[in-house]
Amino acid sequence: MKAVIQRVKRASVRAGELEAIIGPGMLVLVGLEAGDTEATCTWAASKIAGLRIFEDAEGKMNLGLPEMGGEILAVSQFTLAGSIAKGRRPSFDGAMSPDAARILFQRFLELLKAQHPAVKSGFFQEHMEVELVNDGPVTFILER
């Protein structure tokens, strides 16, 4: 699993008429890879929900989502599981199959919501428009 976690002032995702919008919080782009399991998702959900990446009164990253009342927008992004190491065209050999990824991404969302209920998500296997205002910018990459 690979995830790109961005601290945002706001973020949204649209797929036609479907839309999900959050205010301050985290935009989490998630790429599921072959071999990822529920244990991988449990670890990632716990790590993401527990991150303290929001500034306190002294400007230090000491606050988590609960302290600042933030939301999470989680978006499945299979291209994170791609490789551009060889050639000029990406290889997606390491990506989890769409059917398995759909099930595991849903489980990841459930695990994330169990730790922080203010979670919205993108739309699996849809072409989406993602907008964000990165706060900082603050961006982290989570890999397992």
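Computed from a predicted structure; not experimentally measured. (Residues numbered from 1 in each chain as written. Predicted model: local features only at pLDDT ≥ 70, side-chain atom pairs only at ≥ 80, totals over all residues. Heavy atoms only, no water.)

1. Overview of the overall build of the protein
Looking only at helices and strands, one finds three helices and eight strands in the protein. Radius of gyration (C-alpha) of the protein: 15 Å, near the 15 Å computed for a compact globule of 144 residues. Along the first, second and third principal axes, the C-alpha set of the protein runs to 45 × 35 × 30 Å. Residues counted as buried form 40% of the 144 residues belonging to the protein. In the protein, the share of contacts with a sequence separation of at least 24, taken over all contacts with a separation of at least 6, comes to 74%. Carbon together with sulfur atoms contributes 51% to the accessible area of the protein, which is approximately 8,200 Å² in total. Side chains of the protein give 16 positive and 18 negative charges; the mean places of these two sets differ by 4 Å. (Helix = DSSP H or I, 4+ residues; strand = E, 2+ residues; numbered from the N terminus. Rg over C-alpha atoms; globule rule 2.2 N^0.38 Å. Buried < 20%, exposed > 50% of the residue type's maximum accessible area, 1.4 Å probe, protein only. Contact = heavy atoms within 4.5 Å. Areas by Shrake-Rupley, 256 points an atom, 1.4 Å probe, with all protein chains shown as cover. Lys, Arg positive; Asp, Glu negative; His and termini not counted. Charge placed at Lys NZ, Arg CZ, Asp CG, Glu CD.)

2. Some words on the nonpolar core
Counting 28 residues, the largest nonpolar core has M26, V28, L32, I48, F105, F108 and L112 as its most contacted members. Breaking this core down by element, the ones donating at least two residues are strand 1 (2-15), strand 3 (25-31), helix 1 (38-50), strand 6 (71-76) and helix 3 (98-115). It is helix 3 that provides the largest number of residues to this core, a total of seven residues. Among all residues touching L112, those that are not within four sequence positions of it are A45, I48, A49, I72, A74 and V119. Among the nonpolar cores identified, the runner-up in size contains 14 residues, and V4, A20, I22 and M128 belong to it. (Core = buried A, V, L, I, M, F, W, Y, C linked by side-chain atoms within 4.5 Å.)

3. Focus: the packing of aromatic side chains
Per the stated rule, a full pass over the model turns up three aromatic pairs. What links up through ring pairs into an aromatic cluster is the set F105, F108 and F124. One residue, R144, lies across the ring of W43, its end atom 4.6 Å from the ring centre. (Phe/Tyr/Trp six-rings, centres within 6.5 Å; stacked < 30°, edge-to-face > 60°. Lys NZ or Arg CZ within 6 Å of the ring centre and 35° of its normal.)

4. Some thoughts on the pattern of salt bridges
Applying the stated criterion across every chain, the model contains eight salt bridges. A salt bridge links D135 to R7; its shortest N-O distance comes to 3.4 Å. With D135 in strand 8 (residues 129-143) and R7 in strand 1, this pair connects stretches of sequence that are 128 residues apart. Using a relative accessible area of 4% as the deciding quantity, one classes R7 as buried. One network of salt bridges, in which partners are shared, links R7, E55 and D135. (Salt bridge = Lys/Arg side-chain N within 4 Å of Asp/Glu carboxyl O.)

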